[in-house]
Amino acid sequence: MPDPAARDAAEEASAFSHPAVAPDVSAAYGEHPDQVVDFYAPRDGRQRAPLVVALHGGAWRAPYDRQHLTPFVDFLARRGFAVANVEYRRGSAIPRQGGTAPVAGRWPETFDDVAAALDAVPRLAAEHLPQADPRRIVLTGHSAGGHLALWAAARHVLAPDAPWRLPAAPELRGVVALAPIAHFDRAVELGVCGGAVTQLLGGEGEFDVRARHADPALLLPTGIATTVVQGRDDIVVPQAVADAYVEAAAKAGETVGFTLLQDVGHFPLIDPAADACAVVAEEIAQLAY
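Residues numbered from 1 in each chain as written. Predicted model: local features only at pLDDT ≥ 70, side-chain atom pairs only at ≥ 80, totals over all residues. Heavy atoms only, no water.

1. Notes on the overall build of the protein
(1) Moving on: When helices and strands are counted, the protein shows nine helices and eight strands.
(2) Moving on: For 289 residues, the compact-globule estimate of 2.2 N^0.38 gives 19 Å, and the C-alpha radius of gyration of the protein, at 17 Å, lies within 12% of that figure.
(3) Moving on: In terms of principal-axis extent, the alpha carbons of the protein reach across some 50 × 50 × 40 Å.
(4) Moving on: Taking all 289 residues of the protein together, 57% fall into the buried category.
(5) Moving on: Restricting the contact set of the protein to residue pairs at least 6 apart, pairs at least 24 apart contribute 76%.
(6) Moving on: A total of about 11,600 Å² of accessible surface is found on the protein, and carbon and sulfur atoms cover 51% of it.
(7) Moving on: Averaging the coordinates of the 23 positive side-chain charges in the protein and doing the same for the 36 negative ones gives two points 5 Å apart. (Helix = DSSP H or I, 4+ residues; strand = E, 2+ residues; numbered from the N terminus. Rg over C-alpha atoms; globule rule 2.2 N^0.38 Å. Buried < 20%, exposed > 50% of the residue type's maximum accessible area, 1.4 Å probe, protein only. Contact = heavy atoms within 4.5 Å. Areas by Shrake-Rupley, 256 points an atom, 1.4 Å probe, with all protein chains shown as cover. Lys, Arg positive; Asp, Glu negative; His and termini not counted. Charge placed at Lys NZ, Arg CZ, Asp CG, Glu CD.)

Structure representation (structure tokens):
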């Protein structure tokens, strides 16, 4: 068997080897430089296409921005989708005192931004990407972005005191979450992304209070069609995290689609050169059409 770490490194190198793809147009949804959405028109020239809203991963940490997702976004555009690639505020690039890694996430700004962006996307798409059909929106996200996609689709089941709560379910065809950090307790147990979940919530002292507003596994059922795509050989966000989320959904009375890909790790899901990326596009199409 290949060494898991070596395999993961090779898959990451492949996913990150593609040059960034510039958007057709960008639009701000706020005043901060990170409050921006990049729009990509369907490359096949169709005049009306489902809109895929994409949220990038990177453990909610500043060094990882939407640029690394642009080859995947372009892949979807070449498959006939209109795409919105969302940026949002992430943790500081400077590690906390005594730490070595950049801080994961900003509370509450990371969630403020995702909520604001999703609220603004239909209006911004109407202004800047008329090919996008607002009646056929599918959310997708990879890793930490998969968490944010699941969270954004669950805002209507947030507690009444949550600032991001929606009065009704968002108008979505569904969510396709790619290797998502979807169950916080399980992710913490496994040390996913070097303690990123605990950092996202502001530390252990805030964890329990804030998790009820942020953990997708605690925001079930949503009533939104949801599919999780996961590589069996993922050592970044292991399958056990997705398993725990799917089990939590079942206990809440909701069925979540679960596509497990053999001999696939974390990064092929967003790598246009990998077969797994075509599977992801097909899962999105299943919800969009």
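2. Let's talk about the side chain of T140
(1) Moving on: Mapping T140 onto the fold places it in strand β5 (residues 132-142).
(2) Moving on: A distance of 2.7 Å separates the side chain of T140 from the backbone oxygen of V176, its partner in a polar contact. (Polar contact = N/O pair within 3.5 Å; in protein donor to acceptor, adjacent residues only side chain to side chain.)

3. Focus: the confidence of the model for the protein
Low pLDDT means the predicted coordinates in that region are not meant to be read closely.
(1) Moving on: Overall, the predicted model of the protein reaches an average pLDDT of 96, with 98% of residues at or above 70.
(2) Moving on: Looking at the elements of the protein, mean pLDDT is at its lowest for helix α7 (residues 204-214), recorded as 95, and at its highest for strand β6 (residues 174-178), recorded as 99. (pLDDT = per-residue confidence, 0-100.)

4. Looking at the nonpolar core
(1) Moving on: Judged by nonpolar contacts, the single largest core of 68 residues is most densely connected at L51, V53, W60, L139, W151 and I181.
(2) Moving on: Top element by residues in this core is helix α3 (residues 109-128). It accounts for nine residues.
(3) Moving on: Counting 28 residues, the second largest nonpolar core, distinct from the first, contains V52, A54, V73 and L76. (Core = buried A, V, L, I, M, F, W, Y, C linked by side-chain atoms within 4.5 Å.)

5. Structural notes on the side chain of D234
(1) Moving on: Mapped onto the fold, D234 is located in the loop between β7 (226-231) and α8 (239-251).
(2) Moving on: The side chain of D234 sits in the buried core without any salt bridge; R7 is the nearest counter-charge, 10 Å away.
(3) Moving on: Side-chain polar atoms of D234 contact the side chain of H266, separated by 2.7 Å. (Salt bridge = Lys/Arg side-chain N within 4 Å of Asp/Glu carboxyl O.)

6. Looking at the sheet that holds β5
(1) Moving on: Read from one edge to the other, the open sheet built from eight strands follows the order β1-β2-β4-β3-β5-β6-β7-β8, with strand pairing classed as mixed. Of all the strands in the sheet, just β1 (25-28) and β8 (257-261) have a single pairing partner and so form its edges. The sheet shows a mean angle of 20° between the axes of neighbouring strands, taken without regard to direction.
(2) Moving on: Direction of pairing for β5 relative to β6: parallel, over a ladder of five bridges. Across the sheet, the residue bridging to V138 is G174, located in β6.
(3) Moving on: Relative to β5, helix α4 (residues 144-152) is tilted by about 135°, and along the sheet it contacts β3 (49-55), β5, β6 and β7. (Pairing = 2+ DSSP bridges. Axes fitted to C-alpha atoms, helices over the stretch in contact; angles between N-to-C directions.)

7. Digging into the environment of V176
(1) Moving on: As for its placement among the helices and strands, V176 is situated in strand β6.
(2) Moving on: The spatial distance from the C-alpha of V176 to the C-alpha of T227 is 4.8 Å, given a sequence separation of 51 residues.

8. Some details on α4
(1) Moving on: Within α4, nine of the nine residues are buried, leaving the element largely enclosed by the surrounding structure.
(2) Moving on: For α4, the set of buried residues is A144, G145, G146, H147, L148, A149, L150, W151 and A152.

9. A look at helix α1 (residues 4-15)
(1) Moving on: For α1, with twelve residues, the first-to-last C-alpha span of 16 Å sits near the 16 Å given by 1.5 Å per residue.
(2) Moving on: The set of residues buried in α1 consists of D8, E11 and A15. All buried residues of α1 project into a common sector of 65° when viewed along the axis, lining one side. (Expected span 1.5 Å × (residues − 1). Arc of directions from axis to C-beta.)

10. Observations regarding unusual backbone geometry
(1) Moving on: Of note, the bond from W107 into P108 is cis; its omega dihedral lies within 30 degrees of zero at 5°.
(2) Moving on: Within the secondary structure layout, P108 lies in the loop between β4 (82-86) and α3.
(3) Moving on: The omega torsion across L220 and P221 is -5°, close enough to zero to call that bond cis.
(4) Moving on: Despite not being glycine, A59 shows a phi value in the positive range, around 60°.
(5) Moving on: You can see A59 is positioned in the loop between β3 and α2 (70-78).
(6) Moving on: The phi angle at C193 is positive, at roughly 55°, despite the residue not being glycine.
(7) Moving on: When you line up the elements, C193 lands in the loop between α5 (184-190) and α6 (196-200).

11. Details of the state of the cysteines
(1) Moving on: Here the structure, examined in full by the defined rule, presents zero disulfides.
(2) Moving on: Distance from the sulfur of C193, which forms no disulfide, to the nearest cysteine sulfur (C277) is 20 Å. (Disulfide = S-S within 2.5 Å.)

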